[in-house]
Structure formats: C-alpha cells, structure tokens
Amino acid sequence: MTTQQQQSWPLALATPDKVAQLRQQCRQLVKRRALLSASVAAIPVPGLDVVSDLHLFTRLIDDINQAFGLTPAQIEGLQPEYRMLAYEAAVGVGGMLVGKLITRELLVPLLQRSGVKLVARQAGKLVPLAGQLASAGIGFAVFRHIGNQHVEACAAVAQQLVTAGAGRP
C-alpha cells in the first residue's frame with residue numbers, strides 16, 4: 001500500500017472526538033431519512049413504503065459507510081493488518097452491513113427482523129387517517145432504530161481503527 005492510499009482513508013488523522021462528532025452527524029442523517037420514510041409511509045398506497053424504505057435504507061447505509069471510511073473500496077485501501085482489524089471489529093460489534101456493498105438480498109432479512117411492525121404498518125393503511133398516522137409512526141421508529149444500530153456499529157469499528165492508528169503514515 002502506498003502512503004497516498006493510506007491517507008485517502010477519511011479518518012486517517014482523526015481523533016476519538018472526531019469519530020464521536022461524525023457519529024452525531026450520522027445519527028442526524030438517520031433521523032432525517034426516517035422522517036422522509038415516515039412521510040412516504042403516511043401515503044395510503046400499500047407497498048409504496050416498502051419500496052421507498054429499501055431505496056432510502058440502501059442509500060443511508062452507503063452514506064454512513066462512506067462517512068466512516070468503511071465502504072469496501074475504502075477498507076481495501078487500508079494496510080492489510082488494519083483491513084483485518086476492520087473486518088474483525090465489524091463482526092465483533094455485529095455490524096453485518098459495515099464494509100459491505102449493500103444489496104436487496106442483505107436488506108430484506110434485516111427488515112424482516114422487524115416483521116411484526118411492518119405487518120402492523122401495512123394493516124394500518126386500511127384504516128383511514130389514524131392508520132396512516134400509525135403507519136408513519138411505526139415506519140419512523142423502525143427506520144431510525146435500524147439506522148442508529150448501523151451508525152453505532154460503524155462508530156465502534158472506526159474508533160478501533162483510529163485507536164490502532166489506521167491510515168497514519
């Protein structure tokens with residue numbers, strides 16, 4: 001690996017405070033996207049919110065991975081020992097989407113974990129107004145919960161890499 005590749009990692013010269021600041025920024029991003037998801041969920045068209053959530057969540061995961069320097073390309077740019085540390089840390093914190101190229105095949109099982117909430121959300125659309133509001137609320141809560149879990153996993157991995165000195169010349 002060249003020094004230029006090592007320094008291309010976004011958190012190469014970061015401190016633990018920078019990781020904490022980035023964590024807060026990403027949590028705000030999750031909140032904004034969850035509000036967008038909730039607004040789509042309030043539209044009384046069954047299935048529209050699921051398609052929208054898949055798209056929004058795919059982009060959210062990619063954006064969070066990019067911000068923390070944990071996309072597959074960014075991890076490949078690290079020295080081999082730091083690359084292994086990144087993958088081991090991701091497994092250790094349960095971050096199944098850290099450093100992965102996000103596909104529907106990865107997202108569907110993740111969203112199915114919240115299956116009861118999703119069924120309630122779809123059923124709520126059949127009841128005018130109150131059902132739409134309930135659907136939006138459930139959608140917001142589920143989206144925010146899953147998004148924040150990913151932010152925490154990425155922050156933990158990035159913190160371990162920063163502590164270990166990844167990307168430093």
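So, how was this worked out
- Residues numbered from 1 in each chain as written.
- Predicted model: local features only at pLDDT ≥ 70, side-chain atom pairs only at ≥ 80, totals over all residues.
- Heavy atoms only, no water.
- Helix = DSSP H or I, 4+ residues; strand = E, 2+ residues; numbered from the N terminus.
- Buried < 20%, exposed > 50% of the residue type's maximum accessible area, 1.4 Å probe, protein only.
- Contact = heavy atoms within 4.5 Å.
- Areas by Shrake-Rupley, 256 points an atom, 1.4 Å probe, with all protein chains shown as cover.
- Axes fitted to C-alpha atoms, helices over the stretch in contact; angles between N-to-C directions.
- Parallel < 35°, antiparallel > 145°, perpendicular 65-115°, else oblique.
- Core = buried A, V, L, I, M, F, W, Y, C linked by side-chain atoms within 4.5 Å.
- Expected span 1.5 Å × (residues − 1).
- Salt bridge = Lys/Arg side-chain N within 4 Å of Asp/Glu carboxyl O.

Peer 1: Pulling in residues and values, what's your account of the overall build of the protein?
Peer 2: In terms of regular secondary structure, the protein is built from eight helices and zero strands. Reading the protein from its N end, one meets helices and strands in the order α-α-α-α-α-α-α-α. Buried residues in the protein amount to 44% of all 169 residues. Sequence separation of 24 or more characterises 81% of the internal contacts of the protein that already satisfy a separation of 6 or more. Carbon together with sulfur atoms contributes 62% to the accessible area of the protein, which is approximately 8,600 Å² in total.

Peer 1: Break down the packing of helix H2 (residues 16–41) against helix H3 (residues 48–67) for me, with residues and values.
Peer 2: Across the interface, H2 lies against H3 with an axial gap of 10 Å and an inter-helix angle of 170°. It follows from the interaxial angle that H2 and H3 lie roughly antiparallel. Together, Leu 22, Cys 26, Leu 29, Val 30, Arg 33, Leu 36, Ser 37, Val 40 and Ala 41 of H2 and Leu 48, Asp 49, Ser 52, Asp 53, Leu 56, Arg 59, Leu 60, Asp 63, Ile 64 and Ala 67 of H3 make up the contact between the two elements.

Peer 1: Run through the environment of Val 40, naming residues and quoting values.
Peer 2: Inspection of the secondary structure assignment puts Val 40 in helix H2. In sequence terms Val 40 and Val 51 are 11 residues apart; their C-alpha atoms lie 10.0 Å from each other.

Peer 1: Hey, could you go over the nonpolar core for me, with residue numbers and the actual values?
Peer 2: Leu 11, Ile 64, Phe 68 and Leu 161 are the most contacted members of the largest nonpolar core, which has 36 residues in total. Of all the elements in the fold, those that place two or more residues in this core are H2, H3, helix H5 (80–92) and helix H8 (130–164). By residue number, the principal contributor to this core is H8, which donates 12 residues. If we ignore the near neighbours within four places in the chain, the residues touching Ile 64 are Cys 26, Val 30, Gly 147, His 150, Val 151 and Cys 154.

Peer 1: Account for H2, naming residues and giving values.
Peer 2: Helix length check: H2, at 26 residues, gives a terminal C-alpha distance of 37 Å against a target of 38 Å (1.5 Å per residue), a fit within 8%. Taken residue by residue, H2 has Val 19, Leu 22, Cys 26, Leu 29, Val 30, Arg 33, Ala 34, Ser 37, Ala 38, Val 40 and Ala 41 as its buried positions.

Peer 1: With reference to specific residues and values, describe the pattern of salt bridges.
Peer 2: One pass over the structure, following the stated rule, counts four salt bridges. Linking Glu 152 and Arg 23 is a salt bridge whose minimum nitrogen-to-oxygen distance equals 2.9 Å. Residue Glu 152 is found in helix H8, and its partner Arg 23 is found in helix H2; the two are separated by 129 residues along the sequence. For Glu 152, a relative accessible area of 30% corresponds to the partly exposed category. For the salt bridge of Arg 27 with Glu 152, the shortest nitrogen-to-oxygen distance reads 2.9 Å. Of the two residues, Arg 27 sits in helix H2 while Glu 152 sits in helix H8, which places them 125 residues apart along the sequence. Looking at Arg 27, the relative accessible area reads 27%, which means it is partly exposed.

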